[in-house]
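Residue-level structural notes
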Amino acid sequence: MTEPTTPQEMIAQAKSAYEAEEFTQAAAAFAAAQQAYTAANDPLNAAEMANNRSVALLKAGNAQAALEAVLGTAEIFAQANDQHRQAMALGNQASALDELKKYDEALALYQQSAALFQQLGERDLQALVLKRISNMQFRHKRRTEAMSTMVDALNAQTRLDLKDRFLLWLLRLVGKLSTPR
């Protein structure tokens, strides 16, 4: 097999490795693509590859390297007024911080990400981020907040399957029963 020479070939190799759950190889291929885009003076695509690398590193169990890979990319996207990728980068950074047990920092970035997705009308991505916030709140025994955030997440989703509709009904019922009269 020949070595990839273009960023597109490197990305294809990275995606193939990622789908095969060979996350370390995927991260290396994304890093190569990032370097190629940096050399071509294409900071937006380089930042995108850094984000992809971060996700692969997180899947490989290396949260510190994932955090280092994604740092600064949200700012690059913000400067380019690319709010969608900015929100994704904030979410990726929050995921790495969450794995590193830096919960307050992770929560703040997740909230920024969710707010951007809300502004963009990206309801399903907003819901995904809100669910992560809810999971963090639940793990830290902030159950009332976690339930409220999960209701917000489910309300943000564009489509609810049967399980989600039941969960939303149940959370609303618990909310009503726990409200003082």
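Quick note: structure is the one above.
Residues numbered from 1 in each chain as written. Predicted model: local features only at pLDDT ≥ 70, side-chain atom pairs only at ≥ 80, totals over all residues. Heavy atoms only, no water.

**Regarding the packing of aromatic side chains**
Counted under the stated rule, the structure contains one aromatic pair. When the ring of Tyr-18 is compared with that of Phe-23, the centres are 5.1 Å apart and the planes differ by 70 degrees; the resulting orientation is edge-to-face. The class for Tyr-18 is partly exposed, based on a relative accessible area of 27%. Look at Phe-23 and you get buried, because its relative accessible area is 15%. When the ring centre of Phe-138 is taken as reference, the NZ or CZ atom of Arg-143 above it lies at 4.8 Å. (Phe/Tyr/Trp six-rings, centres within 6.5 Å; stacked < 30°, edge-to-face > 60°. Buried < 20%, exposed > 50% of the residue type's maximum accessible area, 1.4 Å probe, protein only. Lys NZ or Arg CZ within 6 Å of the ring centre and 35° of its normal.)

**A closer look at the environment of Leu-90**
Here Leu-90 shows up in helix α6 (residues 83-99). On the basis of relative accessible area, Leu-90 is assigned to the buried category, the value being 6%. The spacing of Leu-90 and Leu-107 is 17 residues in sequence and 10 Å in space, taken between C-alpha atoms. Once residues lying within four places of it in the same chain are set aside, the contact partners of Leu-90 are Ala-74, Leu-109, Gln-112, Ser-113 and Leu-116. (Helix = DSSP H or I, 4+ residues; strand = E, 2+ residues; numbered from the N terminus. Contact = heavy atoms within 4.5 Å.)

**Considering unusual backbone geometry**
Even without being a glycine, Lys-101 presents a positive backbone phi close to 65 degrees. Considering the arrangement of structural elements, one finds Lys-101 in the loop between α6 and α7 (103-120). Phi at Lys-141 is positive, roughly 60 degrees, even though this residue is not glycine. Considering the arrangement of structural elements, one finds Lys-141 in the loop between α8 (123-139) and α9 (143-156).

**Focus: the pattern of salt bridges**
Under the criterion given, the structure shown has four salt bridges. Salt-bridge contacts for Asp-82 lead to Arg-85; the nearest nitrogen and oxygen are separated by 2.6 Å. The same class applies to Asp-82 as to Arg-85, namely buried. Among the salt bridges present, the one from Arg-139 reaches Asp-98, with a minimum N-O distance of 2.5 Å. With Arg-139 in helix α8 and Asp-98 in helix α6, this residue pair connects regions lying 41 residues apart in the sequence. (Salt bridge = Lys/Arg side-chain N within 4 Å of Asp/Glu carboxyl O.)

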